[in-house]
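# Architecture and fold: a report
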Amino acid sequence: MSELLIRGRVLTFLAEPQGIDDTAAWRYIEDGAVFVRGGKVVEIGEHAEVSRRAGPGVAVADHRPHLVLPGLIDTHLHFPQTQAIASYGAQLLEWLNTYIFVEEQKFAEAAHAAAVADRFMDELISNGTTTAVAYCSVHPESVEAYFSAAEARGMRMVGGKVMMDRNAPDALRDTPQQGYDETKRLIEKWHGRGRAHYAISPRFAITSTPGQMEMSQALVAEHPTCFVQTHLSENRDEIAFATSLYPQAKDYTDIYARYGLLNDRMLLGHCIHLGDREVSVLAETGAVGVFCPTSNLFLGSGLFDRDRFDRLGARWSVATDVGAGTSFSMLETMDEAYKVLHLNGQKLTPFNSFYRLTLGNARALGLEKHIGSLHAGADADIVVLDSSGKSAMEYRMRTATSLAEELFILQTMGDDRCVAEVYVAGKAMKGKGKVGASEKRVLETA
Ligand code: GUN
Ligand code: ZN
């Protein structure tokens, strides 16, 4: 089994930091190492100790002085929108109709889906994201392309075919029965194959009839280990339209609740304009509200109220929401998250940001046994971050005096240029680390 010692400044979280001084919430090892065998983390610790236990002759990837963290996790984005980022000038419903429902029609063609899926996975990796939860298009071919591209790279990925049977062009509509049958077949083929997880994906209440909601309910009941994803309360016109289509529902959240879709595997994109009753329902059911700051600013949707989620005990995660989101970078996403919360008088500490990008998002997915922290037995999905990845950052870093300050510089100024290396199940994906420095290591420990 292949073995590797990854050396650098190791940072991993154990719990949600309750403040900047809550040092019990994370583990930081200045001259640290992660020992990896067969794609899993064996142990982390002081380099000298881990290296001694690993024994002589083990390959070393020496990433000093960079930070070594668990791979970043993106909990909501749209793979068919990779080439539709930066579509100008419209709010949600107009943006969907003008740009997105045109773009997604291209995914009827398997070759196009395969080409975009390859590029999509490569963009994630370039940005240090090792797990993501994506919507595919309505075409089963797009799901085949998505999971095939993930499997070729060994990535743990979540995704599913969007179901839509109204308020979309003919070419993007399925029927309740077709959505059910295609989803079921894709679950049977992909869910649990290697590192793939399926997400049952009714796009949102506007594009699904009650008949399709019932089929979604059946799929969720029949496949309790699958994820479920949809959109909720992103834009005021959307809310008015959705609730007009389901007049018997108490509010937008109640539409999904009535069809039994809310559970602790449910990811609800946006959740901006919710009332207390709705957030309390999310808290009771364990459903997760997904905060997508670059998207919410880009579409002019509104400001996510993180404090209300915390106050009412509801779970939340962070995501890019490409292509309404404007960047694949989870660092840029946290830059905007900080600003969105700031506009509401809410604080996001740098330690909390990096907790969210790793263990926090892993917990939101219920995948913390496998990803999100560098514990023994975890998947060796790892990102190496260079806090001086841009010249302005290098200059700014000269005055940084603490890890908290460094992390804040990384999230405020950083992007893919700060991603020095990415390991997926222990395999270097960029090849930039000085892998194979075993001679140097032998000299050091001699
Ligand atoms: N609501 C329904 N579909 C979408 C989508 O593709 N992007 C965003 N941002 N919101 C949606
Ligand atoms: Zn979305």
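Owing to the predicted nature of the structure, the values given are computational and were not obtained by experimental measurement.

With that settled, consider the site of ligand 1. Within the structure, ligand 1 sits among 14 residues, and His78, Gln81, Arg203, Glu234 and Asp321 are positioned closest to it. In this structure, arginine 203 approaches ligand 1 through a side-chain N or O atom, which is 2.7 Å from an oxygen atom. Separating a nitrogen atom of ligand 1 from a side-chain N or O atom of histidine 270 is a distance of 3.5 Å. Calculation on ligand 1 without its partners gives an accessible area of 280 Å², and the protein chains cover 100% of this total. At three residues, the largest contribution of residues to the shell around ligand 1 is made by helix 2 (residues 92-103).

Bound to the zinc ion (ligand 2) on the protein side are His76 (NE2), His78 (NE2), His231 (NE2) and Asp321 (OD), at distances that span 2.0 to 2.6 Å. Around the zinc ion (ligand 2) sit four donor atoms, and with donor-metal-donor angles ranging over 86 to 164° the site reads as irregular. Of note, the zinc ion (ligand 2) draws all its donor residues from one chain, in the sequence arrangement H-x1-H-x152-H-x89-D. Taken together, the residues histidine 78 in strand 5 (residues 72-78) and histidine 231 in strand 10 (residues 227-232) connect sequence positions 153 residues apart. Each member of the pair, histidine 78 together with histidine 231, is buried.

Moving on: the UniProt feature "domain: Amidohydrolase-related" (unreviewed entry) in the chain. When the UniProt feature table is mapped to this numbering, "domain: Amidohydrolase-related" (unreviewed entry) covers residues 67-428. Helix makes up 43% of residues 67-428 and strand 17%, with an end-to-end C-alpha separation of 15 Å.

Our next topic: the packing of aromatic side chains. Following the criterion strictly, the structure yields 17 aromatic pairs and no others. Centroid distance tyrosine 146 to phenylalanine 147: 5.1 Å. Interplanar angle 70°. Geometry classified as edge-to-face. Classification of phenylalanine 147 as buried rests on a relative accessible area of 2%. Grouping aromatic residues by their ring pairs yields a cluster made of Phe79, Phe107, Phe120, Tyr146, Phe147, Trp190, Tyr198 and Phe328. Its end group placed over the ring of tryptophan 190, arginine 193 keeps NZ or CZ at 4.2 Å from the ring centre. For the cation-ring pair, arginine 265 lies above phenylalanine 227, with the distance from its terminal atom to the ring centre recorded as 4.3 Å.

Procedures and definitions
Residues numbered from 1 in each chain as written. Chains lettered and ligands numbered in written order. Predicted model: local features only at pLDDT ≥ 70, side-chain atom pairs only at ≥ 80, totals over all residues. Heavy atoms only, no water. Near = heavy atom within 4 Å. Polar contact = N/O pair within 3.5 Å; in protein donor to acceptor, adjacent residues only side chain to side chain. Areas by Shrake-Rupley, 256 points an atom, 1.4 Å probe, with all protein chains shown as cover. Helix = DSSP H or I, 4+ residues; strand = E, 2+ residues; numbered from the N terminus. Donors = N, O, S within 2.8 Å, 3.2 Å for Na, K, Ca; no water. Tetrahedral: all angles 85-135°; square planar, octahedral: opposite > 155°, others 65-115°. Buried < 20%, exposed > 50% of the residue type's maximum accessible area, 1.4 Å probe, protein only. UniProt positions renumbered as here; feature names shortened; annotations may be inferred. Phe/Tyr/Trp six-rings, centres within 6.5 Å; stacked < 30°, edge-to-face > 60°. Lys NZ or Arg CZ within 6 Å of the ring centre and 35° of its normal.

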